[in-house]
Amino acid sequence: MTAASPSEKAATGGLRAQLAPFSLHFVGNQADWEQPFREAYFHNTLGQARIAIGFGVFYFSLFAILDLLVLPERLLEAWVCRFGVFLPAGLMVLALSFHKSFMGFYQGALAFLVLLGGSGVIYLTTLTSQTDSYLYYAGLILAFMFGYGFAKLRFVTATCCCWTLVLIFEVVEFTVNHPSLKGLLSNQFFFIGANIVGMMICYHQEKSARLAFLLQNQLAEQNALLLSHNQNLAKLTNLDGLTKVANRRHLDQFFHQAWKQCLDERHPLAIIICDIDVFKQYNDHYGHVAGDDCLIKVAKALSQSVRRANTLVGRYGGEEFAVVMAGAYTEEAQTVAERIRQAVQQLALPHVKSETKVVTLSLGVAAAVPSQYLTQRELFQCADSALYEAKLAGRNQVKVGQLIKA
Ligand SMILES: Nc1nc2c(ncn2[C@@H]2O[C@H](COP(=O)(O)OP(=O)(O)OP(=O)(O)O)[C@@H](O)[C@H]2O)c(=O)[nH]1
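What counts, and where the lines are drawn
- Residues numbered from 1 in each chain as written.
- Predicted model: local features only at pLDDT ≥ 70, side-chain atom pairs only at ≥ 80, totals over all residues.
- Helix = DSSP H or I, 4+ residues; strand = E, 2+ residues; numbered from the N terminus.
- Expected span 1.5 Å × (residues − 1).
- Buried ≥ 20, exposed ≤ 12 C-beta atoms within 10 Å, placed from the backbone.
- Contact = placed C-beta atoms within 7 Å.
- Near = placed C-beta within 6 Å.
- Nonpolar A, V, L, I, M, F, W, Y, C, P; charged D, E, K, R; others polar.
- UniProt positions renumbered as here; feature names shortened; annotations may be inferred.
- Axes fitted to C-alpha atoms, helices over the stretch in contact; angles between N-to-C directions.
- Parallel < 35°, antiparallel > 145°, perpendicular 65-115°, else oblique.
- Pairing = 2+ DSSP bridges.

(A) Broad picture of helix α8 (residues 181-238). Taking 1.5 Å per residue as the helical rise, α8 with its 58 residues ought to reach 86 Å, and the 85 Å between its terminal C-alpha atoms agrees with that figure. Of the residues making up α8, those classed as buried are N187, F191, A194, N195, G198, C202, E206, R210 and L214. Of the surrounding elements, those touching the buried residues of α8 are α2 (34-62), α6 (134-150) and α7 (155-177).

(B) Focus on the site of the ligand. Taken together, 17 residues surround the ligand, and among them F279, K280, G291, G318 and E319 come closest. Along the lines of polarity and charge, the residues of the shell around the ligand split into 5 nonpolar, 5 polar and 7 charged.

(C) Local environment of the UniProt feature "transmembrane region" (unreviewed entry) in the protein chain. Within the UniProt annotation, "transmembrane region" (unreviewed entry) is assigned to residues 51-70, 76-98, 110-128, 134-150, 155-172 and 184-203. Helix makes up 91% of residues 76-98 and strand makes up 0%, while its end C-alpha atoms are separated by 32 Å.

(D) Expanded view of the packing of helix α5 (residues 106-127) against α6. It is at 9 Å that the axes of α5 and α6 come closest, and there the two elements cross at 175°. Here α6 runs roughly antiparallel to α5, going by the angle between their axes. Where α5 approaches α6, its residues V114, G117, G118, V121, I122, L124 and T125 are matched on the opposing element by Y136, Y137, G139, L140, A143, F146 and G147. Partitioned by chemical class, the residues of the contact of α5 with α6 number 9 nonpolar, 5 polar and no charged.

(E) Focus on the sheet that holds strand β3 (residues 320-326). With respect to topology, 5 strands assemble into an open sheet ordered β2-β3-β1-β4-β5, the strand pairing being mixed. At either margin of the open sheet sits one strand with a lone partner, and together these are β2 (311-317) and β5 (398-400). Across the sheet, the mean angle from the axis of one strand to that of its neighbour is 20°, orientation sign disregarded. The sheet contact formed by β2 and β3 spans 6 bridges and is antiparallel.

(F) Looking closely at the environment of V324. Along the chain, the position of V324 falls in strand β3. Judged by local crowding, V324 falls into the buried class, with 26 C-beta atoms found within 10 Å. Placed 73 residues apart in sequence, V324 and L251 show a C-alpha to C-alpha distance of 7.9 Å. Excluding residues that lie within four positions of it along the chain, V324 makes contacts with L251, F254, F255, A258, I271, T311 and L312.

Structure (structure tokens):
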């Protein structure tokens, strides 16, 4: 595994890529990133690879002009190599690059083209006289440049491919070309040097691409985590700590927004205020802890009784809860209030100080179509007065306020 230098670590916020030393594959607990990286690398480099193929085919063909001058008597062989072999192969790979399965073999296809182009150049040297062969050797450097950089081959593929070309060159030199010692030495220096430099550039480029990929993914993961933390935080800040229904702040916000929306759309809005009966005596008799448990159970029963869109159940304060129902007329709100009352009674929470001997609720309902002649406060006060009436009338019942018949 390669160790990240301090400057690399600083640049990547301490993130360290775990890479196999030669193949540069992700290893260890980053091994799962290998396939996604390859896919991303393919999509990021496909455009440049296509340009490289197109340019390579064009440039290889353009050198036919040199053939006219250097190889007039062997033109047919040279042009068969250029136009009969490399040109169709290049165009075929270019066409295949638009096929959806190209990702599976694009490194192989590009390596094949680099090998074919490089071998073509070596073949052309065998057609020239010894004195002219240097005119073609420079073409091999171009093939290495394609392999290590332009074609966007990965390091391992580029290295295998370009050193294979060097090997072919050596074999052809010794078996066919028999160059002079100075020609042989100069070519060796150029080709081996070009390969070493190319390898280093290619290695660092792929390593950087892998680090950038890791960094990008780590950033995406952190963003997702942050988003989920923020969502959780938002939920928490909206909840009442004890009963886990909406808190007063959220209830007020919801009421305000629902009011505006119903005002714009001329829809009705209903509010139900629910108050636990003789809760002071419950606390006095059973204690505050039992009182808290009672509040939790009542809140749960309340939430379960109100399964409706555009509706919010919240703790208004103390032993008082409120339900805001956007789009609800009086009748619907009254039905929901009655369902809540029954649900709480059916909990049958013992309350010896209550007439019914169980915990009950009194509820006040008010509904109206919001207008410029009515304020939120007036609607709320209407529901609150209805609640007061319910208390006066003996508790454990629903009363409807008569502000505006909605
Ligand atoms: N355990 C507990 N009690 C609370 C909490 N908040 C408010 N209370 C109690 O709720 C009681 C409310 O009593 P009151 O406002 O006098 O009304 P009530 O006894 O329910 O009488 P009616 O409303 O007339 O039926 C008080 O004893 C408060 O201490 C709470 O978070 N936990």
